[in-house]
Amino acid sequence: MKNKKIKKILKITALIVLVIIILVLIHTIRNFVIIKEIQNNASKYLASTNYHIKSVATEEDGVIVTANYYEKDNKQTMIMERNMNGKIAKMSMYNNGERTNIYYDNEEEKTVQLDAEVALWFEIFDCLETENDWQTFIMSITTKISKTQYNEKECYIVNLSMNGNEKNEYYIEKDTGLYVKANIAGQIAEREYEFNNVSDEVFVEPDVSEYRVQE
């Protein structure tokens, strides 16, 4: 009688374990397919040389940083505005392929740093990039993915959090594979993209005579 009871418990336990394994496999395979789709779609944009990214980041202290980055061939422009309780500070960076100038505009004065030794880069990247399918499979086990509509576009919400107390979440547009919103440790960032439509006008620098040159 006792042996029958033990066998019954073992069978139930084995069945539960089997069900759990099947559910994990279903979860993992679904995620693997979605992540591969995102990676393939994003790969079409990673080598772009004519694009505009608008990024709006809201920090935990309420400061809002808006950046507009433009790249075309070997020229780059990035204009950043930092809004702290209505107080605006602006920085404009221009790289003409030979040198980078940085213009600072705030309430006190306007200054310029000429031929600055700084790299100007605002990358397009695949936030789910892996080196191979095995890494993608491992990621698929722990990642949470759901569907949503964001700014009238079909998106995936991808939660990469390994620590339940810290968010690491991306809203990824299904068609492009690029993220349009991110919540990283409480800092919210939203992005908009534009490809193959950058005007040469955005690379025209301000009148340097209106700025004090930094030594």
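Residues numbered from 1 in each chain as written. Predicted model: local features only at pLDDT ≥ 70, side-chain atom pairs only at ≥ 80, totals over all residues. Heavy atoms only, no water.

Q: Help me out: how do you make sense of the environment of A89 in this one?
A: Along the polypeptide, A89 turns up in strand 4 (residues 87-95). We classify A89 as partly exposed; its relative accessible area is 33%. The sequence separation of A89 and V198 amounts to 109 residues, and the corresponding C-alpha distance is 25 Å. Beyond its immediate sequence surroundings of up to four residues, A89 is in contact with M80, E81, R82 and D105. (Helix = DSSP H or I, 4+ residues; strand = E, 2+ residues; numbered from the N terminus. Buried < 20%, exposed > 50% of the residue type's maximum accessible area, 1.4 Å probe, protein only. Contact = heavy atoms within 4.5 Å.)

Q: Honestly, the pattern of salt bridges in this entry has me stumped. Any pointers?
A: Pairs can form between side chains of opposite charge once their charged atoms are near each other. Tallied over the entire structure, the rule returns 8 salt bridges. K72 serves as the salt-bridge partner of D200, at 3.1 Å between the closest nitrogen and oxygen. Here the residue D200 occupies a position in the loop between strand 11 (187-195) and strand 12 (212-213), and K72 occupies one in strand 2 (residues 64-72), the gap between them amounting to 128 residues. Its relative accessible area of 44% is what places D200 among the partly exposed residues. The shortest N-O distance in the salt bridge between K174 and E154 comes to 3.7 Å. Linking K174 in the loop between strand 9 (168-173) and strand 10 (179-184) with E154 in strand 8 (residues 153-159), this pair joins segments that are 20 residues apart in sequence. (Salt bridge = Lys/Arg side-chain N within 4 Å of Asp/Glu carboxyl O.)

Q: Teacher, can you tell me more about a nonpolar patch on the surface here?
A: A cluster of nonpolar side chains, contributed by I12, I16, I20, V24, W134, I138 and I141, occupies part of the molecular surface with about 660 Å² of accessible area. Of all the secondary structure elements, the ones that give two or more residues to the nonpolar patch are helix 1 (2-42) and helix 2 (133-142). If one sorts the elements of the nonpolar patch by residue count, helix 1 sits on top with 4 residues. The topology assignment puts I138 in helix 2. Looking at I138, the relative accessible area reads 38%, which means it is partly exposed. (Patch = residues over 30% accessible without salt bridge, like charges linked within 9 Å, V, L, I, M, F, W, Y side chains within 5 Å. Areas by Shrake-Rupley, 256 points an atom, 1.4 Å probe, with all protein chains shown as cover.)

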